[in-house]
Amino acid sequence: MSQNFSPVRKAAVLGSGVMGAQIAAHLAAAGIPTLLFDLPADKGPRDGLARNGIESLGKLKPPPLASKNLVHYLQPANFEDDLDRLEDVDFVIEAVAERLDIKKSLFEKLAPHLKDSAILASNTSGLSITDLARTLPDSLASRFCGVHFFNPPRYMHLVELIPHSNSSPEMLDFLEEFMTSGLGKGVVRAKDTPNFIGNRVGVFAMLAVMHHAEEFGLGFDTVDALTGPAIGRPKSATFRLADVVGLDTMGHVIGTMADKLEGDPWHGHYRRPAWLKKLIEAGALGQKTGAGVFRKEGKAIRVLDPQSGEYRDTDYSLDDSVKALLAERDPARKLAGLADSDRPEAQFLWAIHRDLFHYCATHLAEIADSAREVDLAMRWGYGWNLGPFEQWQAAGWKEVAARIEKDIEAGRSMAGTPLPGWVAKIESAHGPEGSYSAADGAPLPRPDLEVFDRQYQQPRLLGERTDSGTTVAETDGVVLWHLKDDVLIASFRTRMNVISPAVIDGMVEAVRRAEKDFRGLVIWQPEGPFSAGADLKGATAMIEKGDLAGVEKMVADFQAANLAMRYSTIPVVAAVRGLALGGGLEVVMHCDRAVAALESYMGLVEAGVGLVPAGGGLATLARRVGEFTLAGDTYPLLEKLYKQVAMGQVAGSAMEAMEMGYLEPGDRIVLNEHELLHAAHGQVRALDAAGYRPPLPARIPAAGDVGIATLRMILTNMHEGGFISDHDEEIGKRIATVLCGGAIDRATMIDEAWIHRLEREHFVALASMKPTQERIGHMLKTGKPLRN
């Protein structure tokens, strides 16, 4: 990391609108106190507008704040009275209205107040960074660039880093490292062209969809059925995405392309369709106004018919032959099948891919250093499984290029310009040497910044060189492997990494091998969430057979596997991202340390399927309550933990999981999920270097009969108030009994085995009940809980 710039200890965001306030919230999540500026208010406190921006964070969905407590690290300010507060700020992000004159005036005001090492960045999505830089003094211009967050900033991985010709290379490297590790983002360097990379390609892709939907006479609902997961894009697809983004925002971005890309071969298509103009004029701007392309009427979602201008019922059904083409797993056969089909839906899909590939190839040299930046921008900014060059490569580079050229010659492409010459000279966009640069005429290797050394398993593009480590053993449930070092890694092999009997056996084998041949063990999943919980499908099969003894054995085996980790002679660390629910969280709770990505969602949710946590989760919570006994009254903590379990509450972030007691003070939160393995290895080595010894067996002072009676009062009040069902009350009583150690005298000393027996007893009892079986069946069928 360059020594020319100070670590970012304090930041400021200029503009407290929705985007600016959310960027400030994410900076606070990164541990950076942040000033949030806006104009002085006409009435009330002078910093009232900024205060409103901070207050709005608690109302937005999804929540911008990783913890509600982060608001204390956001300080309101205004542009007239508080610019001197910028003097100790290290990083300033401008996010005011998208007008050059407004930004220029603001920069002139703040420039004298910035220290010599401060970095200034603009979050503009459409204005030229070069034009903005011209408004700055030379000394500050070298410390200025574009930093374009995607909305919502907390959740969207992509940040585009846009230099101008005089941006300091050291500053750019510093910012890329800071935003990668410090803010947890995927940074893509973009050239200073209209809409940069993500929105340039993404909006064109949407325009191509709109153009060909009209050409082939397809309804907006049919188009969304075709352009979502069926082709590796998010469920929001195209028109639902437009509603979420905001149709006015969509119209603005299209207008920017029309105004600034007059020489573009596709310029004639940079226009707002007639239906979009009408919706914007009517104030039907999408999700934020309650109506757009789609409109909710009661419980029904209706879709606009662009011909009549009226809303009709949605119909997402597809022809069986089209479904068969979309189900093809081989990308080359799939795209060729679409191109050769005479179905309008298939022809539509081939056309949008053809024009996307054509567009990206034509503009690659103009907008990006290489194909890598384009593909990562679309993965990280638009949620595509593969970027456009990856899709092309997967389907056969030469074969697809020949089809595109044939369609261009036949006048079927949206633009008549031929493919650039470099397309015919290469075999693929990505390879072991790097990604193709149209400007350089050769592959460009990945950036070699030190920060990427922390990403032990970097996200790789199709065709890139990968290193998946060295496999030690594979079972039906887990893969055991390492990174050519002395730390064993265990990764589950089930769908959603659920905990099946095979996974349980694999966990025991992982501990055995780690104790024998390694210095520590890390539980980490290369794909998907950490774990969505127990294998309900497998448990249901046993329950349906009446094999309750088998159910109890499975639970006992899981408890034993978790205890094997807790009392192992080597340190065990869980590296968590995404869901860690039910049994998945119980695995985490039995590790010596957890390293969790900020976007980790943890909870003991078994009550939702009519069960009690039975993998040692309640025993662990009882132990934690007991640890507070000497500090005074433990009831507030007992009640808090009980309500969380009985209500199946899920933490909305790793920070919330810490506040809920599912993560402990010694655990660590990592903002970039790709650094989890690095951080987990660091924790293993720190514990090992300190002379690791497993904890002594727990002795737990039970809350006992007094605790049970107190918790049941809560249940009775909720039941009598109509807030919970009879079966909810039954489950709640059993959770209280287990958590309190049973109906024994308060403060009786018990051990984990005592509570484990209670966990098994009440798990099996509930599993035999019809309402629980109905809940499990409903969850397996719909993925949603049943309240019965």
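Here the structure is shown first, and the text comes after it.
Just so it is clear, the structure is predicted and the values come from calculations on it, not from any experiment.

Some details on the overall build of the protein
A tally of helices and strands in the protein yields 30 helices and 23 strands. Since a compact globule built from 788 residues should have a radius of gyration of about 28 Å, the 28 Å found for the protein is in line with a globular shape. Structurally, the protein occupies a C-alpha span of about 80 × 65 × 55 Å along its principal axes. Taking all 788 residues of the protein together, 56% fall into the buried category.

Regarding the pairing of strand E13 (residues 434-437)
Here 2 bridges tie strand E12 (residues 430-431) to E13, and the two strands are oriented antiparallel to one another. Looking at E13, one finds that His-430 is bridged to Ser-435. What sits between the antiparallel neighbours E12 and E13 is a turn of 2 residues. Bridging between E13 and strand E14 (residues 442-444) involves 3 bridges; their strand directions are antiparallel. Within E14, the residue paired with Ser-435 across the bridge is Leu-444. Counting the residues in the hairpin turn of E13 and E14 gives 4 residues, including Gly-441, whose phi is positive at 70 degrees.

A few points about the side chain of Thr-193
Within the fold, Thr-193 resides in the loop between strand E8 (186-189) and helix H7 (198-215). Ignoring any residue separated from it by four or fewer positions in sequence, one finds Thr-193 in contact with Arg-200, Glu-366 and Ile-367.

Re the packing of helix H19 (residues 501-517) against helix H21 (residues 548-566)
It is the contact of H19 with H21, at a shortest axis distance of 9 Å, that shows an interaxial angle of 25 degrees. Looking at the two axes, H19 sits roughly parallel to H21. Seen along the crossing, H19 lies across H21 with a hand that is left-handed. Contacts between H19 and H21 involve Pro-501, Ile-504, Met-507, Val-508 and Val-511 from the former and Met-554, Asp-557, Phe-558, Ala-561, Asn-562, Ala-564 and Met-565 from the latter. Of the residues contributing to the contact of H19 with H21, the split by class is 10 nonpolar, 1 polar and 1 charged.

Points about the environment of Ile-504
Among the structural elements, Ile-504 can be located in helix H19. Here the alpha-carbon distance between Ile-504 and Met-210, two residues 294 residues apart in the chain, equals 50 Å. The contact partners of Ile-504, leaving out residues within four places of it in the chain, are Ile-499, Met-554, Asp-557, Phe-558 and Ala-561.

Quick word on empty space enclosed by the protein
Summed over the entire model, instances satisfying the criterion amount to 4 cavities of 30 Å³ or more. Considered as a void within the structure, the largest cavity measures approximately 110 Å³ in volume. When residues of the lining of the largest cavity are assigned to their parent elements, the largest contribution, 4 residues, is made by H7. Residue composition of the lining of the largest cavity, grouped by class: 8 nonpolar, 4 polar and 1 charged. Its boundaries defined by the atoms lining it, the second largest cavity holds a volume of some 90 Å³. In terms of lining residues, the second largest cavity is bounded by 16 residues, among which Arg-372, Trp-380, Phe-452, Gln-455 and Pro-459 are the most central. Where the lining of the second largest cavity is concerned, the elements lending two or more residues are helix H6 (169-182), E8 and helix H15 (371-382).

What to know about the packing of H7 against helix H14 (residues 344-367)
At a minimum axis distance of 9 Å, the contact between H7 and H14 shows a crossing angle of 150 degrees. As the angle between them shows, H7 and H14 are arranged roughly antiparallel. Between H7 and H14 the crossing geometry is right-handed. Across the interface between the two elements, Arg-200, Val-201, Phe-204, Ala-205, Ala-208, Val-209, His-212 and Ala-213 from H7 touch Phe-348, Ala-351, Ile-352, Arg-354, Asp-355, Leu-356, Tyr-359, Cys-360, His-363, Glu-366 and Ile-367 from H14. Classifying every residue of the contact of H7 with H14 by side-chain character gives 13 nonpolar, 2 polar and 4 charged.

Let's talk about the sheet that holds E12
With antiparallel pairing, 3 strands are arranged side by side in an open sheet as E12-E13-E14. If you trace the sheet from one side to the other, it starts and ends with E12 and E14, each paired once.

Digging into the pairing of strand E19 (residues 572-581)
A large share of E19 lies buried, amounting to 9 of its 10 residues. The β-α-β motif built from E19, the intervening helix H22 (residues 583-589) and the parallel element strand E20 (residues 593-603) has right-handed crossover chirality.

So, the pattern of salt bridges
One side chain can pair with another of opposite charge once the charged atoms of both are near each other. Taken as a whole and judged by the stated rule, the model has 50 salt bridges. Of the charged contacts in the structure, one is a salt bridge between Asp-319 and Arg-343, with a shortest N-O distance of 3.8 Å. Here Asp-319, found in the loop between strand E11 (311-313) and helix H12 (320-327), pairs with Arg-343, found in the loop between helix H13 (331-340) and H14; they are 24 residues apart in sequence, far enough to count as distant. Connected through shared salt-bridge partners, Arg-295, Glu-297, Arg-302 and Asp-313 make up one network.

Observations concerning the sheet that holds strand E9 (residues 294-297)
Strand order in the open sheet formed by 3 strands is E9-E10-E11, with antiparallel pairing between adjacent strands. The sheet is open, and its two edges are formed by E9 and E11, each paired on a single side. Averaged over neighbouring strand pairs, the angle between their axes works out to 40 degrees when direction is ignored. Relative to strand E10 (residues 300-304), E9 is paired through 4 bridges, and the arrangement is antiparallel. Residue pairing in the sheet places Lys-296 in a bridge with Ile-301 of E10.

Quick word on the side chain of Ser-167
Within the secondary structure layout, Ser-167 lies in the loop between strand E7 (158-162) and H6. From its side chain, Ser-167 meets the backbone oxygen of Phe-144 in a polar contact 2.8 Å long. Within polar-contact distance, the side chain of Ser-167 engages the backbone nitrogen of His-164 at 3.0 Å. If near-sequence neighbours (up to four positions away) are discounted, Ser-167 is found in contact with Ala-141, Ser-142, Phe-144, Cys-145 and Leu-172.

Structural notes on helix H28 (residues 726-739)
For H28, which comprises 14 residues, the first-to-last C-alpha distance of 20 Å matches the rise-based estimate of 20 Å (1.5 Å per residue) to within 8%. Of all 14 residues in H28, 11 are buried, a share of seventy percent or more. One or two positions beyond H28, positive phi appears at Gly-741, with a value near 85 degrees.

Remarks on the nonpolar core
With 116 residues, the main nonpolar core has Phe-389, Trp-392 and Trp-422 as its most contacted residues. For this core, the leading source of residues is H14, giving 12 residues. When near neighbours in sequence (up to four residues on either side) are disregarded, Phe-389 contacts Cys-360, Ala-361, Leu-364, Ala-371, Val-374, Asp-375, Trp-397, Trp-422, Ala-429 and His-430. Phe-492, Val-551, Ala-561 and Val-612 belong to the second-largest nonpolar core, a separate cluster that totals 85 residues.

A few points about the environment of Met-749
Structurally, Met-749 is set in strand E23 (residues 749-750). Residue Met-749 is classed as partly exposed on the basis of its relative accessible area of 42%. Linking Met-749 and Pro-265, residues 484 residues apart in sequence, is a C-alpha distance of 79 Å. Apart from residues no more than four positions distant in its own chain, Met-749 is found in contact with Arg-699, Ile-700 and Pro-701.

Cut-offs used in this document
- Residues numbered from 1 in each chain as written.
- Predicted model: local features only at pLDDT ≥ 70, side-chain atom pairs only at ≥ 80, totals over all residues.
- Heavy atoms only, no water.
- Helix = DSSP H or I, 4+ residues; strand = E, 2+ residues; numbered from the N terminus.
- Rg over C-alpha atoms; globule rule 2.2 N^0.38 Å.
- Buried < 20%, exposed > 50% of the residue type's maximum accessible area, 1.4 Å probe, protein only.
- Pairing = 2+ DSSP bridges.
- Contact = heavy atoms within 4.5 Å.
- Axes fitted to C-alpha atoms, helices over the stretch in contact; angles between N-to-C directions.
- Parallel < 35°, antiparallel > 145°, perpendicular 65-115°, else oblique.
- Left-handed = near helix turned anticlockwise from the far one by under 90°.
- Nonpolar A, V, L, I, M, F, W, Y, C, P; charged D, E, K, R; others polar.
- 1 Å grid on protein atoms, 1.4 Å probe; cavity = no way out; pocket = protein on both sides within 12 Å on 5 of 7 lines; lining within 4 Å.
- Points joined across faces, edges and corners; volume = space filled by probe spheres on them.
- Right-handed = clockwise from strand over helix to strand, strands pointing away.
- Salt bridge = Lys/Arg side-chain N within 4 Å of Asp/Glu carboxyl O.
- Polar contact = N/O pair within 3.5 Å; in protein donor to acceptor, adjacent residues only side chain to side chain.
- Expected span 1.5 Å × (residues − 1).
- Core = buried A, V, L, I, M, F, W, Y, C linked by side-chain atoms within 4.5 Å.

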